Amino acid sequence: AESTDTGQEEEEDSADENGYPQAKAHNFTSSFQDGVAFCAMIAAHAPEDIDMAKVQDMEPIERHALAFMVAEEKFGVSQLLEPADTVNSPDEKSIMTYIAALTAKLPDLGTHVDVASADDYTSHARAVKSFLREKMNSWDNDPLPVSIE
């Protein structure tokens, strides 16, 4: 059936074989606003601590709080972000900083997922690193204006 609402149908079709929502990040602001992407990143490394089926039923602030708590307790990643801030007004540089800290501490995925998933993760991780490099270069070329009044 045809639909003019592309978002909802796409969202429904993007669940994996277990019914978990697939977290696709296209940017470092709105893609992380609902907390699913953070939960998915951490659940891939600690599935016993984050149940993605339950994450679907949580509010965005609860998702962020859960992800940040598990990241800190299990992997030693300091909570650099406040859930309410990330939901209400996500800051690109802050989210990128947190993800960089998170990915530096997460263990090798090979122990938790099959090879196909690890290959997909590796490919995505390379794309994220490339995006981060491009963003950092753009910041170097276009610094923030500094003025003291």
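No experiment lies behind these values; they were computed from the predicted model shown.

**As for the packing of helix α2 (residues 36–43) against helix α4 (residues 60–75)**
For the pair α2 and α4, interaxial distance at closest approach is 8 Å and the crossing angle is 30 degrees. Between α2 and α4, the interaxial angle falls into the category roughly parallel. For the element pair α2 and α4, the recorded crossing hand is left-handed. Taking contact as the criterion, the partners of Val36, Phe38, Cys39 and Ile42 in α2 are, on α4, Arg63, His64, Ala67, Phe68, Val70, Ala71 and Phe75. The class makeup of the residues in the contact of α2 with α4 is nine nonpolar, one polar and one charged.

**Thoughts on the environment of Phe68**
On the secondary structure map, Phe68 appears in helix α4. Residue classification places Phe68 among the buried residues on the basis of a relative accessible area of 0%. With sequence-adjacent residues up to four places away left out, Phe68 is seen in contact with Phe38, Gln79, Leu81, Glu82, Pro83, Thr86 and Tyr98.

**Considering the side chain of Ser31**
As for its position among the elements, Ser31 is in the loop between α1 (6–13) and α2. There is a polar contact of 2.8 Å between the side chain of Ser31 and the backbone nitrogen of His26. Ignoring sequence-local partners within four residues, the contact set of Ser31 consists of Lys24, Ala25, His26 and Ala37.

**Focus on the packing of α4 against helix α6 (residues 92–105)**
Packing of α4 against α6 brings their axes to within 11 Å, and their N-to-C directions diverge by 40 degrees. Put simply, α4 runs oblique to α6. For α4 against α6, the interelement crossing comes out left-handed. For the pair α4 and α6, the contacting residues are Ala67, Phe68, Ala71 and Phe75 in the first and Tyr98, Leu102 and Lys105 in the second. Class assignment for the residues of the contact of α4 with α6 results in six nonpolar, no polar and one charged.

**Digging into the packing of aromatic side chains**
Within this structure, the stated rule accounts for five aromatic pairs. When the centroid spacing of 5.9 Å and the interplanar angle of 5 degrees are considered together, the rings of Phe28 and Phe32 count as stacked. Of the residues examined, Phe28 reaches a relative accessible area of 5% and is grouped as buried. For Phe32, a relative accessible area of 3% gives the class buried. Taking the centre distance of 5.3 Å and the plane angle of 65 degrees together, the rings of Phe38 and Phe68 count as edge-to-face.

Calculation rules
- Residues numbered from 1 in each chain as written.
- Predicted model: local features only at pLDDT ≥ 70, side-chain atom pairs only at ≥ 80, totals over all residues.
- Heavy atoms only, no water.
- Axes fitted to C-alpha atoms, helices over the stretch in contact; angles between N-to-C directions.
- Helix = DSSP H or I, 4+ residues; strand = E, 2+ residues; numbered from the N terminus.
- Parallel < 35°, antiparallel > 145°, perpendicular 65-115°, else oblique.
- Left-handed = near helix turned anticlockwise from the far one by under 90°.
- Contact = heavy atoms within 4.5 Å.
- Nonpolar A, V, L, I, M, F, W, Y, C, P; charged D, E, K, R; others polar.
- Buried < 20%, exposed > 50% of the residue type's maximum accessible area, 1.4 Å probe, protein only.
- Polar contact = N/O pair within 3.5 Å; in protein donor to acceptor, adjacent residues only side chain to side chain.
- Phe/Tyr/Trp six-rings, centres within 6.5 Å; stacked < 30°, edge-to-face > 60°.

Just distances and angles here, no functional claims.
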